[in-house]
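# Inside the fold
Residue-level listing of the chains:
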Amino acid sequence: MPTTAPTRTFLLVHGSGSSSHSWAPLERELALRGQRPYAVDLPGHGFDARLPDGYDAPQDLPTLARAPSALASVTLDDNVDVVVSAAERLAVHGPVVLVCASLGGVTATVAANRRPDLFAALVYVSAWVCVSRSSPLELMAEPEFATSLLPGLSALAVGDPAVIGAVRANYRDADPDLLAALRAATAHDVSPEAFTAFRTTMEPDESLAVMAADARIDPGTWGRLPRTYVRLGADRSIPPALQDRMIREADEATPGNAFRVHTLDSSHVGFLFRPAAVADLLLDA
């Protein structure tokens, strides 16, 4: 699709249990429109992911429940270093728009806190923005999270996070009811066949330290960047009410520089299957 938009680099930061692979459809769409997409793999994700013992078929659940996670030592600072390093190299080619989804929001926020000079704009796609609460774990205790279907997926969890050093989910569980619940929580608007294909790319471990780290915005640095929030109106993981609260709190903390807000009628994962619609919003960021 032809576009007259100026060429920018869109630096894409994935969410929990995911990798740069999830952005492939959007990368293709942006490239077709003459843009430069660049998706990072955060530490321990993508080709650097190390599946825990017992995860591969045939699964050994007792082993899986106690196997130490390769992400146990990964911190939010490690994630931020990857994004900042990529942005430093990309910025020599022109403006960089930092785009994040879900848990990627905490990494994007802290990267922008520290190096606002590297970014022309920020885009959050149903991503965590911490203002009055320091982390996603704290926000999950708030009333706006009460309608989320994520807590109902506790049967997918394996092992004690304090012991294995990560939050671990068994995405290869064969229980059809549990897999249906996972799709309902994350991708109810995606066909079962497409969701199965997506699920095979999901990674079981996510750093507990990243989820618990202080990722609050810095109004003096982060707060001066142009920013857009893409609300996912059918999100059953991060409910719209919680998305709205995060937007409101950020706007109150940075008067005069509010989020530009767009809404897609999409589930938490469904937007990845609508690259043209997302690209339209990014080119308007």
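This is a predicted model, so every value here is computed, not measured.

### Considering the overall build of the chain
Within the chain, the secondary structure is distributed over eleven helices and eight strands. Rg of the C-alpha trace for the chain: 18 Å, near the compact-globule value of 19 Å for 285 residues, within the 12% margin. Principal axes of the C-alpha set define a box for the chain whose edges measure 50 × 40 × 35 Å. The 285 residues of the chain split such that 52% are buried. If you take every contact in the chain between residues at least 6 apart in sequence, the share linking residues at least 24 apart comes to 79%. For the chain, the accessible area works out to roughly 11800 Å², and carbon and sulfur atoms hold 56% of it. For the chain, the distance from the average site of its 23 positive side-chain charges to the average site of its 34 negative ones is 5 Å.

### Considering the packing of helix α7 (residues 176-186) against helix α8 (residues 192-199)
Viewed as axis vectors pointing N to C, α7 and α8 meet at an angle of 95°, and their least axial separation amounts to 11 Å. Here α7 is positioned roughly perpendicular relative to α8, judged by the angle of their axes. Counted together, Leu179, Leu182, Arg183 and Thr186 of α7 and Pro192, Phe195 and Arg199 of α8 form the full contact between these two elements. A breakdown of the residues in the contact of α7 with α8 according to their chemical character gives four nonpolar, one polar and two charged.

### Here we look at the side chain of Ser126
Within the secondary structure, Ser126 sits in the loop between β4 (121-125) and α5 (136-139). Judged by its relative accessible area of 0%, Ser126 falls in the buried class. Once residues within four sequence positions are removed from consideration, Ser126 is found in contact with Ser102, Tyr229, Val230, Leu232, Asp235, Ile238, Gln243 and His268.

### Topic: helix α3 (residues 76-90)
In this model, α3 (15 residues) spans 21 Å end to end at C-alpha, consistent with the 21 Å of a helix rising 1.5 Å per residue. Turning to α3, its buried residues number three or more, namely Leu76, Asn79, Val80, Val83, Val84, Ala86, Ala87 and Leu90. Buried residues of α3, seen end-on, are gathered within an arc of 165° and therefore sit on one face of the element. Packing partners of the buried residues in α3 comprise β1 (9-13), β2 (36-39), β3 (96-101), α4 (104-114) and α9 (208-212).

The rules we used
Residues numbered from 1 in each chain as written. Predicted model: local features only at pLDDT ≥ 70, side-chain atom pairs only at ≥ 80, totals over all residues. Heavy atoms only, no water. Helix = DSSP H or I, 4+ residues; strand = E, 2+ residues; numbered from the N terminus. Rg over C-alpha atoms; globule rule 2.2 N^0.38 Å. Buried < 20%, exposed > 50% of the residue type's maximum accessible area, 1.4 Å probe, protein only. Contact = heavy atoms within 4.5 Å. Areas by Shrake-Rupley, 256 points an atom, 1.4 Å probe, with all protein chains shown as cover. Lys, Arg positive; Asp, Glu negative; His and termini not counted. Charge placed at Lys NZ, Arg CZ, Asp CG, Glu CD. Axes fitted to C-alpha atoms, helices over the stretch in contact; angles between N-to-C directions. Parallel < 35°, antiparallel > 145°, perpendicular 65-115°, else oblique. Nonpolar A, V, L, I, M, F, W, Y, C, P; charged D, E, K, R; others polar. Expected span 1.5 Å × (residues − 1). Arc of directions from axis to C-beta.

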